[in-house]
Amino acid sequence: MMACRAEPIRTCIGCRSRAPSSDLLRIVVDGGELLPDARRRRHGRGAHVHPDVACLDLAERRRAFSRALRAPGPFGSKQVRLYLERPRCEAAGSRPRDRVAGAATDRGKIG
């Protein structure tokens, strides 16, 4: 029997609800611009929001980024907004694979 691994719980700074960190988008600041950190690899303090433009708008309206990131604002959120408005397959970092004619599509077919 496998044990369940505990996942960190974070608070969305937009809607203030708690969620597992895998359900939230980490945001960092670099040179006065907010940057999405979907892979959670950038250095520095991070703030978390749901991957939804509504939560980003709430966080901006409440001026929550400067408090959460402990840095003087205001910050530009153009990069984060573009990231959230992209289609999901691009936002997740996956890209469509190139298909080779006849590869993997004809498996199992007889004739």
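Residue numbers restart at each chain and count upward from 1, following the sequence in its written direction. pLDDT decides what is reported in this predicted model: residues at 70 or higher carry local features, side-chain atom pairs at 80 or more are listed and counted, and totals for whole chains, interfaces and linings draw on all residues regardless. Based on all heavy atoms of the structure, the side-chain values leave hydrogens and waters out of the count.

Our focus in this paragraph is the overall build of the protein chain. Helix and strand counts for the protein chain come out as four helices and five strands. Secondary structure counts use DSSP, requiring at least four H or I residues in a row for a helix and at least two E residues in a row for a strand, with both numbered from the N terminus. When its helices and strands are written in sequence order, the protein chain yields β-β-β-β-β-α-α-α-α. The buried label applies to any residue whose accessible area, calculated with a 1.4 Å probe on protein chains only, is under 20% of its type's maximum; exposed applies above 50%, and partly exposed to all values in between. Here the protein chain holds 111 residues, and 27% of them are scored as buried. Between two residues, a contact is recorded if the distance between any of their heavy atoms is within 4.5 Å. A sequence separation of at least 24 residues applies to 51% of the contacts in the protein chain between residues at least 6 apart. Here the open area of atoms and residues is found with the Shrake-Rupley method and a 1.4 Å probe, where only the protein chains shown may cover a residue. Accessible surface for the protein chain amounts to roughly 8500 Å². Of this, 50% is attributable to carbon and sulfur atoms.

Turning next to the environment of valine 28. Within the element layout of this structure, valine 28 appears in strand 3 (residues 25-30). As for valine 28 and leucine 69, which are separated by 41 residues in sequence, their C-alpha atoms are 7.5 Å apart. Setting aside chain neighbours within four positions, we find valine 28 in contact with Glu33, Leu34, Leu35, Asp37, Arg42, His43, Arg45 and Gly46.

Okay, the side chain of arginine 26 next. By the secondary structure assignment, arginine 26 is in strand 3. Here a polar contact is taken to be a pair of N or O atoms separated by no more than 3.5 Å, where protein atoms must pair a possible hydrogen donor with a possible acceptor and residues adjacent in sequence count only if both atoms sit in side chains. One polar contact links the side chain of arginine 26 to the main-chain carbonyl oxygen of arginine 42, over a distance of 3.2 Å. There is a polar contact of 2.6 Å between the side chain of arginine 26 and the backbone oxygen of glycine 44. Apart from residues lying up to four places away in sequence, arginine 26 is in contact with Leu35, Pro36, Asp37, Ala38, Arg40, Arg42, Gly44, Arg45, Gly46, Ala47 and His48.

Interpretation in functional terms is not warranted from these geometric data alone.
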